[in-house]
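Residues per chain, in single letters:
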Amino acid sequence: MLVGELRIHPDPEALARAVAERWVELAAEAARARGRFHVALAGGSTPRRLYRLLAETPYRERIPWAQVHLWFGDERCVPPDHPESNYRMVRESLLDRVPIPPEQVHRMEGEAEDPAEAATRYARELTSQLPLSAQGVVQFDLILLGMGTDGHTASLFPGTPVLRERARLVEAVHVERLGRWRITLTLPVIDHAHHVLFLVTGAEKAAVIREVFIGRPSPPYPVQLIQPRGQVEWHLDEAAAAELPEELRR
Ligand code: 6PG
């Protein structure tokens, strides 16, 4: 059930460079069309190389940083300087190296005593800054997403109530398997983005990629619940695409 365009790259470095090119193109397009580029960043480890590239020549100079607003797809409920913090990963690989106005970096408050209140505050900030889709849902220009080996994306994990949330924009979720609270954008926000780019690398993701693209697992994986109104691109490296049938790889 492939939804969107599939692009397979030889290795993680080639994938990061290709996605950096797309990032630059989409940033320029949004800045021209709407005066702003609102992008939600993925956490985890895969996008780290991409973020470092965006902070280096030639990409750094091609991005209209004064018009960029960086948001987060999800955050672990830890302080912003914690080794598990997505904000810390983004700060070290990108924020500390580019001239983005600090007020245009919108951090999820992972350190908050009450994650649900932090989620509500984040939703309020989204509503105050983002344009709305024709259906009245906040609309990102771009949402970057990774995917776990269980088919989760952002912090939308299998079997969690947030998968049924169709009204609220941001939710706090307790992930049993991790014994951790997280804050995440919900499916409606992902559905209404102009562009969604998945970055998936590594042999350990090959089996779930095959299931997601050609399987009919029941219940469906969280990534299979996305009903995108915009353009979706799957960027895989050869290792993650290794179990896809030939006809899909052309
Ligand atoms: C997070 C991410 C999560 C991530 C996947 C893949 O906070 O961990 O938002 O959804 O994208 O777990 O993680 P890797 O890129 O580390 O494989």
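Not measured: the values here are computed from a predicted model.

How each quantity is defined
Residues numbered from 1 in each chain as written. Predicted model: local features only at pLDDT ≥ 70, side-chain atom pairs only at ≥ 80, totals over all residues. Heavy atoms only, no water. Helix = DSSP H or I, 4+ residues; strand = E, 2+ residues; numbered from the N terminus. Rg over C-alpha atoms; globule rule 2.2 N^0.38 Å. Buried < 20%, exposed > 50% of the residue type's maximum accessible area, 1.4 Å probe, protein only. Near = heavy atom within 4 Å. Polar contact = N/O pair within 3.5 Å; in protein donor to acceptor, adjacent residues only side chain to side chain. Areas by Shrake-Rupley, 256 points an atom, 1.4 Å probe, with all protein chains shown as cover. Phe/Tyr/Trp six-rings, centres within 6.5 Å; stacked < 30°, edge-to-face > 60°. Pairing = 2+ DSSP bridges. Axes fitted to C-alpha atoms, helices over the stretch in contact; angles between N-to-C directions. Contact = heavy atoms within 4.5 Å. Salt bridge = Lys/Arg side-chain N within 4 Å of Asp/Glu carboxyl O. Arc of directions from axis to C-beta. Core = buried A, V, L, I, M, F, W, Y, C linked by side-chain atoms within 4.5 Å.

Participant: Teacher, can you tell me more about the overall build of the chain here?
Facilitator: Counting its secondary structure elements, the chain contains nine helices and nine strands. For 250 residues, the compact-globule formula gives about 18 Å, and the C-alpha radius of gyration of the chain, at 17 Å, lands near that figure. By its C-alpha atoms, the chain is 45 × 40 × 40 Å across when sized along the principal axes. A burial count over the chain gives 54% of its 250 residues as buried.

Participant: Just to check I follow, could you spell out the site of the ligand for this structure?
Facilitator: Residues in close proximity to the ligand total 15 residues, the closest being Ser45, Thr46, Asp74, Arg76 and Ala154. Within the side chain of Thr46, an N or O atom sits 2.6 Å from an oxygen atom of the ligand. In this structure, Ala154 approaches the ligand through a main-chain N or O atom, which is 2.6 Å from an oxygen atom. Protein contacts shield 87% of the accessible area of the ligand, which totals 410 Å² for the unbound molecule.

Participant: I'm lost on the packing of aromatic side chains in this one. Help?
Facilitator: Each pair of aromatic rings is reported with the distance of its centres and the angle of its planes. Following the criterion strictly, the structure yields seven aromatic pairs and no others. Here Trp23 and Phe37 contribute two aromatic rings whose centre-to-centre distance is 5.0 Å and whose plane-to-plane angle is 80 degrees, an arrangement assigned as edge-to-face. Here Trp23 is found in helix α1 (residues 12-34), whereas its partner Phe37 is found in strand β2 (residues 37-41), with 14 residues between them in sequence. Given the relative accessible area of 0%, Phe37 is considered buried. With 4.9 Å between their ring centres and 80 degrees between their planes, Phe213 and Trp234 make a pair best called edge-to-face. Here the residue Phe213 occupies a position in helix α7 (residues 206-214), and Trp234 occupies one in strand β9 (residues 231-237), the gap between them amounting to 21 residues.

Participant: Quick question: what am I supposed to make of the sheet that holds strand β1 (residues 5-9) here?
Facilitator: For sheets, the rule is that strands pair by backbone hydrogen bonds, running either parallel or antiparallel. Pairing is parallel in the open sheet, where six strands are placed in the order β1-β9-β8-β5-β2-β3. For this open sheet the edge positions go to β1 and β3 (68-72), each flanked by a neighbour on one side alone. Neighbouring strand axes in the sheet, compared pairwise and without regard to direction, differ in orientation by 20 degrees on average. Pairing analysis gives five bridges linking β1 to β9, with the strands arranged parallel. By the bridge assignment, Ile8 is partnered in β9 with Leu236. Against the sheet, helix α5 (residues 115-129) engages β2 and β3, with an angle of about 155 degrees to β3.

Participant: For this particular structure, what's the right way to read the pattern of salt bridges?
Facilitator: Overall, the coordinates contain 20 salt bridges when judged by the stated rule. Arg22 is the partner of Glu25 in a salt bridge, and the nearest nitrogen-oxygen pair spans 2.6 Å. With a gap of three residues between them, Glu25 and Arg22 both fall in helix α1, about one helical turn apart. Assessed through its relative accessible area of 39%, Glu25 is described here as partly exposed. Between Arg107 and Glu111 there is a salt bridge whose closest N-O contact spans 2.8 Å. Take Glu111: its relative accessible area is 34%, and that puts it in the partly exposed class.

Participant: It is not clear to me how α7 should be interpreted in this structure. Could you clarify?
Facilitator: Residues spaced three or four apart along an α-helix face the same direction, because each turn holds 3.6 residues. Among the residues of α7, Ala206, Val208, Ile209, Val212 and Phe213 are the ones counted as buried. Along the long axis of α7, the arc covered by the buried residues comes to 160 degrees, so they all point the same way. Looking at the buried side of α7, the elements it contacts are β1, β8 (195-200), β9, α8 (238-241) and α9 (246-249).

Participant: Would you mind going over the nonpolar core with me for this structure?
Facilitator: Proteins that are soluble and globular tend to have nonpolar side chains buried together. If you look at the biggest cluster of nonpolar residues, it comprises 85 residues, and the most contacted ones within it are Trp23, Leu144 and Trp234. With nine residues, α1 is the largest single contributor of residues to this core. Apart from residues no more than four positions distant in its own chain, Leu144 is found in contact with Val19, Trp23, Ala40, Leu41, Ala42, Leu50, Tyr51, Leu197 and Leu199.

Participant: What am I meant to see in the sheet that holds strand β7 (residues 180-185) here?
Facilitator: Taken together, the three strands give an open sheet; going across it, the order is β4-β7-β6, and neighbouring strands pair in antiparallel fashion. Each edge of the sheet is formed by a strand with only one pairing partner; in this case those strands are β4 (74-76) and β6 (170-175). In this sheet, adjacent strand axes meet at a mean angle of 20 degrees when their direction is disregarded. Summarising the sheet, β4 and β7 pair through three bridges and their orientation is antiparallel. Residue pairing for β7: Arg76 is matched across the bridge by Arg182. Relative to the sheet, α5 contacts β6 and β7, its axis offset from that of β6 by approximately 150 degrees.

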